[in-house]
Amino acid sequence: MQTEKTQPDITKPVPGRITFLDGQNEMPMLEVITPWSSAEIYLHGAHVTHFKKVNDAPLLFMSQCSRFADNQPIRGGIPIIFPWFGMREGLGQHGFARIKRWDLKEFVPQADGSVSIRLRLPDCPEASAFPPFTADCIITVKDTLGLRLEVTNQSQEDALVFENCFHTYFEVGNVTEISISGLEGAEYLDKVANFARARETRREIRIASEVDRIYLDTTAPVEIIDPRLSRRLRIEKAGSASTVVWNPWITKAQQMPDFGNDEYLRMVCVESGNVSANQITLNPGETSVLSVTLSSQPL
Ligand code: TA6
């Protein structure tokens, strides 16, 4: 029986579609549309600045005051912290990966409608202080948001020692109403108390002041319960021994020129990586993979 050829409905976005755009400050950006979600990824820093499921609030917080400029990090979304975390005298904060323009290596709309994008950190003068390496970030957009950071030690003889972290800014309705679970029992360095060591005793962490903690030797998933947005955010991770929790609160928010004074109320960072005592030592030829899967479910 002859089946009539149905015409595609051109009014509906094609699932698994990738569009190349000029983003803020004309920086090159990829817009990704899938049947479940939309996302935006800047080549600058291989930086995911937006992910939103259909019928949900944005998953990621972006500051209205963020800069979009060479040699400046974007404030919000998911900064890729590599090859060091924190301040290094004369070298700056949080490594150089987040302020370089990554090369787009491939983008693959999958048969199921999801989209996978691979970007590579280009060589740069700052990398000469390290043994030769390659660093790729693979971003997978579907009803969840997945990121993988693959670092390979290309040296024949030297070990590569580095820290890495997906410094994720989550959008919340009101930070004073959320609770964060999954870190009970983990030891942490409390940056607010001059990096004093302590152990997390709370099953549910709440935020009512500046919080800046590096939780060590913890591989557990973390959840953010947000009653205001009536959702549960879940951070699953692999290849990560550290989780960082950060909210700048009032004073620090006022001190950041690329962050609105009251924006601390609408964000919390739950960051997944390998930091401080969890730094990675990669032997010649070895590859390390850090991955996260970020999801949102209604409460
Ligand atoms: O991850 C928490 C943290 O290390 C805080 O101490 C604060 O410095 C934050 O990162 C943001 O750092 P940035 O360099 O992006 O301003």
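Above this text sits the structure in question.
Residues numbered from 1 in each chain as written. Predicted model: local features only at pLDDT ≥ 70, side-chain atom pairs only at ≥ 80, totals over all residues. Heavy atoms only, no water.

With respect to the pattern of salt bridges
Pairs can form between side chains of opposite charge once their charged atoms are near each other.
Move 1: Tallied over the full model, the rule gives 21 salt bridges.
Move 2: Within this structure, E106, R118, R120, D136, R148 and E150 form a network of salt bridges that share partners. (Salt bridge = Lys/Arg side-chain N within 4 Å of Asp/Glu carboxyl O.)

Notes on the site of the ligand
Move 1: R75, F85, Q93, H94, R98, H167, K191, D212, V244, W246 and E271 make up every residue found near the ligand.
Move 2: Within the contact set of the ligand, an oxygen atom lies 3.0 Å away from a side-chain nitrogen or oxygen of H167.
Move 3: E271 places a polar side-chain atom, nitrogen or oxygen, 2.8 Å from an oxygen atom of the ligand.
Move 4: Taking 390 Å² as the accessible area of the ligand by itself, protein coverage stands at 87%.
Move 5: Of the residues contributing to the shell around the ligand, the split by class is 3 nonpolar, 3 polar and 5 charged. (Near = heavy atom within 4 Å. Polar contact = N/O pair within 3.5 Å; in protein donor to acceptor, adjacent residues only side chain to side chain. Areas by Shrake-Rupley, 256 points an atom, 1.4 Å probe, with all protein chains shown as cover. Nonpolar A, V, L, I, M, F, W, Y, C, P; charged D, E, K, R; others polar.)

Digging into the pairing of strand 17 (residues 196–199)
Move 1: Where strand 16 (residues 187–190) lies against strand 17, 4 bridges are found, and the strand directions are antiparallel. In the sheet register, L189 faces strand 17, and the bridge partner there is R197.
Move 2: Once strand 16 ends, the chain turns through 5 residues before running back antiparallel as strand 17, passing N194 with a positive phi of about 55 degrees. (Pairing = 2+ DSSP bridges. Helix = DSSP H or I, 4+ residues; strand = E, 2+ residues; numbered from the N terminus.)

Here's the deal with the sheet that holds strand 1 (residues 17–22)
Move 1: Taken in spatial order, the 4 strands of this open sheet run 1-2-3-4, and their pairing is antiparallel. Among the strands making up the open sheet, the edge pair consists of strand 1 and strand 4 (47–53). The average angle at which neighbouring strand axes cross in this sheet is 15 degrees, direction not considered.
Move 2: Sheet analysis places strand 2 (residues 28–33) next to strand 3 (residues 37–42), joined by 5 bridges and oriented antiparallel. Its bridge partner being in strand 3, V32 is matched across the sheet by A39. (Axes fitted to C-alpha atoms, helices over the stretch in contact; angles between N-to-C directions.)

Thoughts on the sheet that holds strand 15 (residues 179–181)
Move 1: The 9 strands lie next to each other as 8-9-10-11-25-21-20-15-18, forming an open sheet whose pairing is antiparallel. Of all strands in the sheet, those with a lone pairing partner are strand 8 (103–109) and strand 18 (204–205), marking the two edges.
Move 2: Bridge count between strand 9 (residues 115–120) and strand 10 (residues 133–141): 6 bridges; the pairing is antiparallel. Bridge pairing in strand 10 places I117 opposite I139.

With respect to the nonpolar core
Move 1: If you look at the biggest cluster of nonpolar residues, it comprises 72 residues, and the most contacted ones within it are L145, I224 and V268.
Move 2: The biggest single contributor to this core is strand 10, with 5 residues.
Move 3: When neighbours within four sequence positions are excluded, I224 is seen to be in contact with F170, V172, I178, S179, I180, R231, R232, L233, I235, V268 and V270. (Core = buried A, V, L, I, M, F, W, Y, C linked by side-chain atoms within 4.5 Å. Buried < 20%, exposed > 50% of the residue type's maximum accessible area, 1.4 Å probe, protein only. Contact = heavy atoms within 4.5 Å.)

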